Amino acid sequence: MDNTDLKILKHLNRDSRIKKNKLAKLVNLTPPAVAARIEQLEDEKIIKKYTIEVDLDKMGYNSQVFIQTKMDFRSNKKYLNFVDSKRNFIRHHYKISGQMNYMIHGAFHSNSELDDFLTELEKYANYQVLNVISELI
């Protein structure tokens, strides 16, 4: 991987639907050369998938939170089953280091919906909630 590959990745990260002609101009290559580099990045699993970013507010998810969870080792399976059953609310789920075991990035339509989620969650784990005030990047 060289600087040109990094530039390609930077532009794809900002807009995964960018046209190869436009991307070629931005990185000073021909469209076939850009296509070949992208294909190589995909083959090497550097590019794992293409995705979209949605506006959660416009979708009615007015409450975004990070929830750090902690439980003893014996509770992990029940906790993970619970998390899997709540995929509609969970954007990302991470195993983390430190005093807590996991971190959930969740999105909820209302504080009431979040409260219901937390009421169920407390059956499986202790938690700490961090409210998202605004997204900066």
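These remarks concern the structure in this document. (Residues numbered from 1 in each chain as written. Predicted model: local features only at pLDDT ≥ 70, side-chain atom pairs only at ≥ 80, totals over all residues. Heavy atoms only, no water.)

Taken together, the five bridges between strand E2 (residues 90-95) and strand E3 (residues 102-108) define a ladder with antiparallel strand orientation. Of the residues in E3, the one forming a bridge with isoleucine 90 is glycine 106. Here E2 folds back onto E3, and the loop between the two strands holds six residues, one of which, glycine 98, carries a positive phi near 105°. (Pairing = 2+ DSSP bridges. Helix = DSSP H or I, 4+ residues; strand = E, 2+ residues; numbered from the N terminus.)

Bringing the packing of helix H1 (residues 3-14) against helix H3 (residues 31-43) into the picture now. Contact pair H1 / H3: the axes reach a minimum separation of 11 Å and the direction vectors enclose 85°. Comparing their axes, H3 and H1 come out roughly perpendicular. For the pair H1 and H3, the contacting residues are Thr4, Asp5, Ile8, Leu9 and Leu12 in the first and Arg37, Ile38 and Leu41 in the second. Within the contact of H1 with H3, the residues separate by chemical class into five nonpolar, one polar and two charged. (Axes fitted to C-alpha atoms, helices over the stretch in contact; angles between N-to-C directions. Parallel < 35°, antiparallel > 145°, perpendicular 65-115°, else oblique. Contact = heavy atoms within 4.5 Å. Nonpolar A, V, L, I, M, F, W, Y, C, P; charged D, E, K, R; others polar.)

Quick look at the side chain of histidine 11 now. Take histidine 11: it is sitting in helix H1. Of the residues examined, histidine 11 reaches a relative accessible area of 14% and is grouped as buried. When sequence neighbours within four positions are dropped, the list of residues in contact with histidine 11 reads Leu23, Leu26 and Val27. (Buried < 20%, exposed > 50% of the residue type's maximum accessible area, 1.4 Å probe, protein only.)

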